[in-house]
Amino acid sequence: MIQSKKLIYYILYLLIYLGAVQKYVVSNQLLTIIPDIFIFVAYLFCLFGHTKRKKIKVLVGTFVCTIYILLLFSTILGAVLNVMNLASYLWGLRLLLRYPLLFWIICQNFGIADVQKYKRIIYQGFYVNIAFCCYQFAVGETGDFMGGTFSGNGLLMLFFLIVFMIAVGDYYYKLIKPIRLYVILAGVMLVAIWAEIKIM
């Protein structure tokens, strides 16, 4: 379990900051599969290291699992109908498998203290992304090119949405002060304007 927990923390850091490494340090598309390798290794640790595993259906419900399975089958059907290259399909499929698998791994390993620590890392990632976005705006990287520490504004939007949901929950349970929620909201709205994220 200790190995799995360490890997989960490494994975979170990779998911948040790997885009910046690709953009500013080493420009190589193969770097994007590093988190997937870590997730697969963590999955193996869980699979063979846990004698008692939590059932995912109990955690999210049968409906969510059914929708996800149907989504997977729809991608296979779409790939067949469009005669998609197998390598291209598998490259895209890894993103569809990545986050549900990571969710399952976290559920098998984390307690409340781990979740709180994970949350702090996500908050830190938010402020780092705000700083990166300010720099990118200053050098003229706006719209689709503004991704903070991510590869583009799509992933940045998803990350900010997660951060904002966590912040609202923390505010509701009086874990953060109103001013912090307002700062996060202001940061999200400002970057949404710069990155032209309409959904925000």
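Scroll up to find the structure.
Residues numbered from 1 in each chain as written. Predicted model: local features only at pLDDT ≥ 70, side-chain atom pairs only at ≥ 80, totals over all residues. Heavy atoms only, no water.

Undergrad: Kindly report on helix H2 (residues 34–49), identifying the contributing residues and their values.
TA: For H2, which comprises 16 residues, the first-to-last C-alpha distance of 22 Å matches the rise-based estimate of 22 Å (1.5 Å per residue) to within 8%. Of all the residues in H2, the buried ones are Pro 35, Asp 36, Ile 39, Ala 42 and Cys 46. In an axial view of H2, the angular spread of the buried residues amounts to 125°, which keeps them on one side of the axis. Set apart from the buried face of H2 by more than 90 degrees, the exposed residues are Phe 48 and Gly 49. (Helix = DSSP H or I, 4+ residues; strand = E, 2+ residues; numbered from the N terminus. Expected span 1.5 Å × (residues − 1). Buried < 20%, exposed > 50% of the residue type's maximum accessible area, 1.4 Å probe, protein only. Arc of directions from axis to C-beta.)

Undergrad: An account of the packing of helix H6 (residues 112–138) against helix H8 (residues 178–194) is requested, with residue identities and associated values reported.
TA: For the pair H6 and H8, interaxial distance at closest approach is 11 Å and the crossing angle is 40°. Considered as vectors, H6 and H8 are oriented oblique to each other. When the axes of H6 and H8 are compared, the crossing they make is left-handed. Only Arg 180, Ile 184, Gly 187, Val 188, Val 191 and Trp 194 of H8 make contact with H6, whose side of the interface consists of Tyr 123, Phe 126, Tyr 127, Ile 130, Cys 133, Cys 134 and Phe 137. Here the contact of H6 with H8 is composed, by residue class, of 11 nonpolar, 1 polar and 1 charged. (Axes fitted to C-alpha atoms, helices over the stretch in contact; angles between N-to-C directions. Parallel < 35°, antiparallel > 145°, perpendicular 65-115°, else oblique. Left-handed = near helix turned anticlockwise from the far one by under 90°. Contact = heavy atoms within 4.5 Å. Nonpolar A, V, L, I, M, F, W, Y, C, P; charged D, E, K, R; others polar.)

Undergrad: Summarise the environment of Val 128; cite the residues concerned and give the values.
TA: Summarising the element assignment, Val 128 is placed in helix H6. The class of Val 128 is partly exposed, set by a relative accessible area of 27%. Sequence spacing of Val 128 and Val 58 is 70 residues, and the spatial spacing of their C-alpha atoms is 35 Å. Beyond its immediate chain neighbours, meaning those up to four positions away, Val 128 contacts Tyr 17 and Thr 149.

By themselves these figures say nothing about function.
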